[in-house]
Amino acid sequence: MTKALKVQPNEMLDLFEEVDQSIKINYYPPCPQPEQVIGLNPHSDGVVLTILLQINEIQGLQIKKDGMWIPINPLTNAFVVNIGDMLEILTNGIYQSIEHRATVNSEKERISLAAFHIPYKCDIGPTPSLVTPETPALFKTISAEDYVNGNITSKINGKSYLDVVRIQSS
Ligand SMILES: O=C(O)CCC(=O)C(=O)O
Ligand SMILES: [Fe+2]
């Protein structure tokens, strides 16, 4: 990633010296009227990267692309890797976090396992070499802890939590 972005490797790698991995297991029971409910509301993950396993290979994960919800069909023995908000901030908007949601199934339960990767004891802001006069900082710098805590306690609403650190263009 640092090669692709042409940034000094240490600029970003130093952040990942101490990374917390937290695991969440999602259980979605079957619902006789799946179109009336949502398993998990649209959101982006407030982390750097999420590695997700659709454990029992029941379809439910959807990503938002060009304003449309696209199903992500489970592949045997494959992980889904989601870009989170912190990577969008670090890359000054070049890599964008993915908005996603989970639907439920009328007959089958669904189980997924998400491993969230969050650097801690550090600040998260656009990496210095990606901020130039042509590409000014799109986001403020915030401590990783404040971003995570604020995100966890805010209402789940698409990618709206990123607005907390977004620098409004005048
Ligand atoms: O169940 C899924 O496939 C998605 C889970 C998810 O997005 C999350 O836990 O943040
Ligand atoms: Fe998620």
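Since the structure is predicted, the reported quantities are computational estimates derived from the model, not experimental observations.

## Structural notes on the overall build of the protein
Okay, so step 1: Each helix and strand in the protein was counted, giving four helices and ten strands.
Okay, so step 2: The N-to-C order of helical and strand elements in the protein reads α-α-β-β-β-β-β-β-α-β-β-β-β-α.
Okay, so step 3: Along the longest, intermediate and shortest principal axes, the C-alpha atoms of the protein span 55 × 35 × 30 Å.
Okay, so step 4: For the protein, with 170 residues in total, the buried portion stands at 39%.
Okay, so step 5: Here the analysis covers contacts within the protein between residues at least 6 apart in sequence; of these, 77% occur between residues at least 24 apart.
Okay, so step 6: On the protein, roughly 10,000 Å² of surface is accessible, and the fraction owed to carbon and sulfur atoms is 54%.

## Remarks on the nonpolar core
Okay, so step 1: Residues Met86, Ile89, Leu90, Ile124, Tyr147 and Val165 are the most contacted members of the largest nonpolar core, which totals 27 residues.
Okay, so step 2: Those elements giving two or more residues to this core turn out to be α3 (85-90), β8 (110-119) and α4 (144-153).

## Here's the deal with the sheet that holds strand β6 (residues 80-83)
Okay, so step 1: If you walk across this open sheet you meet the four strands as β1-β8-β3-β6, and the pairing is antiparallel. Edge positions in the open sheet fall to β1 (19-28) and β6, since each of these has one partner strand only. Neighbour to neighbour, the strand axes of the sheet diverge by 20° on average, direction disregarded.
Okay, so step 2: Across ten bridges, the pairing between β1 and β8 is antiparallel. When the sheet's bridge partners are listed, Ser22 is paired in β8 with Phe116.

## Some details on the site of ligand 1
Okay, so step 1: Every one of the 13 residues lining ligand 1 counts as a neighbour, but Lys24, Tyr28, His100, Arg110 and Ser112 are closest to it.
Okay, so step 2: Residue Asn26 places a side-chain N or O atom 3.1 Å away from an oxygen atom belonging to ligand 1.
Okay, so step 3: Here an oxygen atom of ligand 1 sits 2.6 Å away from a polar atom, N or O, in the side chain of Tyr28.
Okay, so step 4: The fraction of the free accessible surface of ligand 1 (300 Å²) that becomes covered by protein chains is 98%.
Okay, so step 5: Secondary-structure elements contributing two or more residues to the shell around ligand 1 are β1, β2 (40-43) and β8.
Okay, so step 6: When residues in the shell around ligand 1 are grouped by element, the largest group, four residues, is from β8.
Okay, so step 7: Here the shell around ligand 1 is composed, by residue class, of six nonpolar, four polar and three charged.

## Some points on the UniProt feature "domain: Fe2OG dioxygenase" (unreviewed entry) in the protein
Okay, so step 1: Feature annotation in UniProt assigns "domain: Fe2OG dioxygenase" (unreviewed entry) to the following positions: residues 18-119.
Okay, so step 2: From the first C-alpha to the last, residues 18-119 spans 6 Å; its make-up is 6% helix and 45% strand.

## A look at the coordination of the iron ion (ligand 2)
Okay, so step 1: Coordination of the iron ion (ligand 2) by the protein involves His43 (NE2), Asp45 (OD) and His100 (NE2), with metal-donor separations of 2.1 to 2.2 Å.
Okay, so step 2: In the primary sequence, the donor residues of the iron ion (ligand 2) line up as H-x1-D-x54-H. Taken together, the residues Asp45 in the loop between β2 and β3 (49-54) and His100 in strand β7 (residues 100-102) connect sequence positions 55 residues apart.
Okay, so step 3: Residue classification places Asp45 among the buried positions, given a relative accessible area of 7%.

Cut-off values and rules
Residues numbered from 1 in each chain as written. Chains lettered and ligands numbered in written order. Predicted model: local features only at pLDDT ≥ 70, side-chain atom pairs only at ≥ 80, totals over all residues. Heavy atoms only, no water. Helix = DSSP H or I, 4+ residues; strand = E, 2+ residues; numbered from the N terminus. Buried < 20%, exposed > 50% of the residue type's maximum accessible area, 1.4 Å probe, protein only. Contact = heavy atoms within 4.5 Å. Areas by Shrake-Rupley, 256 points an atom, 1.4 Å probe, with all protein chains shown as cover. Core = buried A, V, L, I, M, F, W, Y, C linked by side-chain atoms within 4.5 Å. Pairing = 2+ DSSP bridges. Axes fitted to C-alpha atoms, helices over the stretch in contact; angles between N-to-C directions. Near = heavy atom within 4 Å. Polar contact = N/O pair within 3.5 Å; in protein donor to acceptor, adjacent residues only side chain to side chain. Nonpolar A, V, L, I, M, F, W, Y, C, P; charged D, E, K, R; others polar. UniProt positions renumbered as here; feature names shortened; annotations may be inferred. Donors = N, O, S within 2.8 Å, 3.2 Å for Na, K, Ca; no water.

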